[in-house]
Amino acid sequence: MSAPLIILVVALLATLAYYLGRSRAAAVSGGNTAILHSLPGYHGVYVAMWAAIPAMLVLTAWLIIGPQLAEWYLLSALPDSQTAGLTPSQLNLLVTDVKNLATGNIVSRTPDPGLIRAAEGYANALTISNAAMVVVVLSLTVMGIAVGRRHIDPDMRARNQVERIFTVIMIAASSIAVLTTIGIVASLIFEAARFFTKVSWYEFLFGLQWSPQTALRAEQVGASGAFGAVPIFAGTFLITIIAMAVAVPIGLFSAIYMSEYAGPKVRGIAKPALEVLAGVPTVVYGFFAALTVAPMFRGFGEGIGLDVSSESALAAGMVMGIMIIPFVSSLSDDVMNAVPQTLRDGSYALGATKSETIKQVILPAALPGIVGAVLLAVSRAIGETMIVVMAAGLAANLTANPLEAVTTVTVQIVTLLVGDQEFDSAKTLAAFALGLVLFVVTLCLNIFALSIVRKYREKYD
Amino acid sequence: MTDASARSAQQPGSVLDRKPDLSAKRVKRRYAAEARFRAIGLGAILAAMAVLATLVSTIVSQGLPAFTQYDLDLPVYLDPTEIDADNLNAANYQALVRRSLYERFPEVTQRREKRKLAGLISSGADIIVKSYVESHPDRIGTTQILSIPAADDIDTYLKGQMTDILEFTPQAELSPTGVSGDVQLLASGDVFAAILADTKILLEVESSRLMDNARREQLGIDSYRAEIKTLQVQLEDALGARRETIEDRISALDAQANRRVLTAAQLNEKAANLSEVARSTGGSVDLTDEMPSIFLEVNGGLVKANRVSSQLVEGTVIHPLTSAAPAAGGEWKILELTTPESNRRVKDREAAWLHILKSDNIIESRFATVMFTSGDSREPELAGIWGAVVGSFLTLFITLSLSFPVGVLAAIYLEEFAPQNRLTDLIEVNINNLAAVPSIVFGLLGLAMFLNFFGLPRSAPLVGGMVLALMTLPTIIIATRAALKAVPPSIREAALGIGASKVQVITHHVLPLAMPGVLTGTIIGMAQALGETAPLLMIGMVAFIVDIPGGFTDPATVLPVQIYIWADSPERAFVAKTSAAIMVLLTFLVMMNALAVLLRRRFERRW
């Protein structure tokens, strides 16, 4: 039986448990449900929780730990003659071969009797484990129903019990969010630490040459790999600057126009249009940049005699700026609307025109919020992946010329991990180091943005 | 007299002395600045909308051709000697279809030409014939008309994206000298004069281009000569080894300069020849493959023109004529393919065959059902998005079933039950930060934890759904908290007042009232998850998956990743397919967002 099927059966049994509990509560009350502490429905939910929760916990634990246990059993069952003197990767290959042979997939070597025996043993172990899981989980469910029903009594505070379990479930749900952050940080740090044992962090952060190759043997071509990430940071910086140069003026001015000048008709068209711009997936922007914008710039450049790369930073930066416009615009719009009307009225009363009010009263008042919005937009631009993967180049290039091809942190992460390098090499681990840098930088930018907003925000009332 | 005015009398130039400039000129300037500012604001909005319009129109115009495909309705003889009724898999169905083409053009005998002819149809034709035979085994031994998709280049050509095809029907009589091989066709009037003139213009253009190149060579020669002169001056002062180096350099430059003189002379001669032919009146011109291709369709056959003069065309017969009798005016045609043969992938022979097949009514344009029913393929004419759509659906199902309960429960706890202490502050800051983390970092988390640590299958909707659920969680939590906050406290207090417990207040009263906001936030979160690509690339969904996924642990791909894979493919026909897939994705997103807006407008209550 597969896991989804077991879950379905447990869910059905839990529903059955609900009805059983409810009817038992009604029976125990002797037909007069008013003497029960809680409504019969709560008794039903109580029994259902007894049925479902222990079973699901055991099922989850079995599914997570089971494959690992099976592999340990397999390793211990393999005769020493086969496992002696194997490197970890060769041992890994042997284990994978046994697993593949057991499930009927392609094996990398001709199966000898030892291998076949090990595979059969593994297959048996899997079947036994699966059967045991089904039996244990289903019997836990049934036993849970029995135990829960036995507790039903007119004085039992079913509602309180149910609500307490509900609260525990809610706390568990909230902690998943915390666990996610912990998981991100832990996994990034763990893998990046493995990288920094192979390449020093000083060379990574300050080196000027990025050519991530690792050789299998010392005399291979790629033996001289360099992992200096400064060109990548410079490329990210260049594209972000171009994107901000496009997004901030257009976004800010559209926010100003929409909040101060626009009538309801213009707002009715402009606001949905900006929302559509925000909702377009970034892969579509990347396609647009790679197939329409970049050739256009290249042709234009050739027409006036400049040498524009077909993966220029200008094309990628411009399209990224277009993607960020709604971000800047909506955040600035919110901030400018939050400036109280009294300040505007005071300014008009002194005879200022609308533009003078905006330039001299509203923008200074909203400035912290706008700066915060721009910083958040910068953080979004730094972390953007698909546009640059499709429109920016792959070779690290330390330059300030927007017409050349540069690469960014996210492009390198994708390139390094979507290939078929083995997972231990410094090349793939470099991706995690880059991911750590990316995470830390965006986190700091976000915290900085929020702290600026909080520190300089004017309290008007 | 106040102190201030006393002070100003002592300190000239202080702020109280300044008189405001009340002139009408200044007021006009201020109003002009106002108008400019307003115009800039409007311009910014118009610029954003113009970009959106360009984006949408580019995608739609590139993608619409992908919704139709060209089929060849060929009569295929289901040869019983080839097809064994007991073992339908073993037959060579592609050969049966090819035979149909060979029979239509029996004059094609050389192996290379036959391969080109066979290349008119898709390499997936055998699957179509095989499925037909499997469903109609009683028709083995008969000839059936089957719709075979055209190969991707042919499809692009037939849609007019490779070249324009112009047809002229002159009113003069045309007399061919033969029915096959090299023939001459004499017209009774100057019907080819226009083509001759156009070709001469092209020759003139080519001639001036060659002269430009010659001029550039001359510039190079001049610069070499100048450098030689400078070096000779240096040579007078140099001694010993340095002398030798300078002499070597001089001789090398000299040799290069002489070579270039030769090249320049050749270019000039060629340019002069072309120019002479171009300027002459009358005469005849050779058509090269860098000029538009000219065909003559006469007496049921097709002749490719090699040499053109105003009344005479010398050419090679591609498809034999039925007779060498003169054809009256209006019964024969001139066909011009404006893109030269060297710039096209579909060459003249294939274009000729396609023209004949079209006049046989064998070529039909149909709705491209393969786009919506098949999975990915290396051949553009066989590739479809159905596999990606099913994969997206499975992934989003997992995302929704994981993130919706967890997000709503977490938001309820944080909003209603959590005590106001540092721990909950930390959790709140944490969730807000998670919402701003780049999506690729979630992919790295999925790779490191779900694939490596837990050992879940790569590229499965299960893992993709889990990664996307982690990404959507902050969105749902923030939206749910906002919706819960919007429910007024009076509802909560009234429920408490009639004896409800805190959990009952939430589940019976607050949550149902906040549900529209919660659902709106969830739908928007799902729409964002549908468009996500980067984290799924990290967990391996970028593989080439041909089968439609059947379950949550089968390898699958999602629609945005499919778009990414196709955007990288080199075949020209994939550009249209990618744009069409983008149109489908955008349609889904627009529907989901419209649903969210509808929900919000219909059910949200303003307290």
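Quick notes on the rules
Residues numbered from 1 in each chain as written. Chains lettered and ligands numbered in written order. Predicted model: local features only at pLDDT ≥ 70, side-chain atom pairs only at ≥ 80, totals over all residues. Heavy atoms only, no water. Axes fitted to C-alpha atoms, helices over the stretch in contact; angles between N-to-C directions. Helix = DSSP H or I, 4+ residues; strand = E, 2+ residues; numbered from the N terminus. Parallel < 35°, antiparallel > 145°, perpendicular 65-115°, else oblique. Left-handed = near helix turned anticlockwise from the far one by under 90°. Contact = heavy atoms within 4.5 Å. Nonpolar A, V, L, I, M, F, W, Y, C, P; charged D, E, K, R; others polar. Buried area = accessible area lost by both parts, 1.4 Å probe. Salt bridge = Lys/Arg side-chain N within 4 Å of Asp/Glu carboxyl O. Core = buried A, V, L, I, M, F, W, Y, C linked by side-chain atoms within 4.5 Å. Buried < 20%, exposed > 50% of the residue type's maximum accessible area, 1.4 Å probe, protein only. Phe/Tyr/Trp six-rings, centres within 6.5 Å; stacked < 30°, edge-to-face > 60°. Lys NZ or Arg CZ within 6 Å of the ring centre and 35° of its normal.

(A) Spotlight on the packing of helix 2 (residues 24-63) of chain B against helix 19 (residues 573-603) of chain B. All names here are of chain B. Orientation of helix 2 relative to helix 19, taken along the N-to-C sense of each, is 120°, at an axis distance of 7 Å. As far as their axial angle goes, helix 19 and helix 2 are oblique. The chirality of how helix 2 crosses helix 19 is left-handed. Residue-level contacts link Ile59, Val60, Gln62 and Gly63 of helix 2 to Val575, Ala576, Ser579, Ala580, Ile582 and Met583 of helix 19. Considering only residue class, the contact of helix 2 with helix 19 consists of seven nonpolar, three polar and no charged.

(B) Focus on the interface of chain B and chain A. Listed as interface residues are 69 residues of chain B and, on the opposing side, 74 residues of chain A. Here chain B packs against chain A, burying approximately 6200 Å² in sum over the two surfaces, 80% of which is carbon and sulfur. Here chain B and chain A share one salt bridge between them. We note a salt bridge from Arg30 of chain B to Glu356 of chain A, for which the minimum N-O separation is 2.8 Å. Looking at which element gives the most residues to the side of chain B that touches chain A, the answer is helix 2 of chain B, with 20 residues. Split into classes, the residues belonging to the side of chain B that touches chain A amount to 51 nonpolar, 15 polar and three charged.

(C) Examining the nonpolar core more closely. Residues Phe195, Trp210, Tyr285, Met320, Ile324 and Ile413 of chain A are the most contacted members of the largest nonpolar core, which totals 147 residues. With residues up to four places along the chain from it excluded, the contact list for Met320 of chain A reads Ile239, Ala243, Ala381, Glu384, Ile387 and Val388 of chain A. Counting residues in hydrophobic clusters, the runner-up holds 43 residues, among them Leu72, Leu117, Ala150 and Met162 of chain B.

(D) Unusual backbone geometry, seen in detail. Phi angles above zero are rare outside glycine, and Asn299 of chain B is one such case at about 55°. Take Asn299 of chain B: it is sitting in the loop between strand 7 (293-298) and strand 8 (301-309).

(E) Main features of the pattern of salt bridges. For the structure on display, the rule yields 29 salt bridges over all chains. We note a salt bridge from Asp360 of chain B to Arg104 of chain B, for which the minimum N-O separation is 2.4 Å. Taken together, the residues Asp360 of chain B in the loop between helix 9 (348-359) and strand 11 (363-367) and Arg104 of chain B in helix 3 (residues 93-104) connect sequence positions 256 residues apart. With relative accessibility at 28%, the residue Arg104 of chain B sits in the partly exposed group. Glu204 of chain B is the salt-bridge partner of Arg279 of chain B, the closest N and O atoms lying 3.2 Å from each other. Here Arg279 of chain B is found in helix 8 (residues 240-279), whereas its partner Glu204 of chain B is found in helix 7 (residues 193-237), with 75 residues between them in sequence. The exposure class assigned to Arg279 of chain B is exposed, which follows from its relative accessible area of 61%. Within the structure, one salt-bridge network assembled from shared partners comprises Arg267, Lys271 and Asp333 of chain A.

(F) Local environment of the environment of Leu312 of chain B. Residue and element names in this part refer to chain B. Tracing the backbone shows Leu312 in strand 9 (residues 312-319). Residues Leu312 and Pro474 lie 162 residues apart in sequence; the distance between their C-alpha atoms is 77 Å. What Leu312 contacts, discounting residues up to four positions off in sequence, is Gln184, Leu185, Leu186, Phe192 and Arg307.

(G) Local environment of the packing of aromatic side chains. Considering all chains together, one arrives at 18 aromatic pairs over all chains under this definition. Judged by centre distance (6.0 Å) and plane angle (50°), the ring pair of Phe105 of chain B and Trp353 of chain B falls under tilted. Of the two residues, Phe105 of chain B sits in the loop between helix 3 and helix 4 (111-118) while Trp353 of chain B sits in helix 9, which places them 248 residues apart along the sequence. Exposure class is identical for Phe105 of chain B and Trp353 of chain B. Each is buried. Taking the centre distance of 5.4 Å and the plane angle of 55° together, the rings of Phe453 of chain B and Phe454 of chain B count as tilted. Note on Phe453 of chain B: relative accessible area 60%, which makes it exposed. Take Phe454 of chain B: its relative accessible area is 33%, and that puts it in the partly exposed class. Aromatic ring contacts, followed pair by pair, group Phe195, Phe196, Phe204, Trp210 and Phe227 of chain A into a single cluster. Above the face of the Phe105 of chain B ring, Arg104 of chain B is positioned so that its terminal group lies 5.5 Å from the ring centre. Here the guanidinium or amino end of Lys114 of chain B rests over the ring plane of Tyr102 of chain B, the centre of that ring lying 4.7 Å away.

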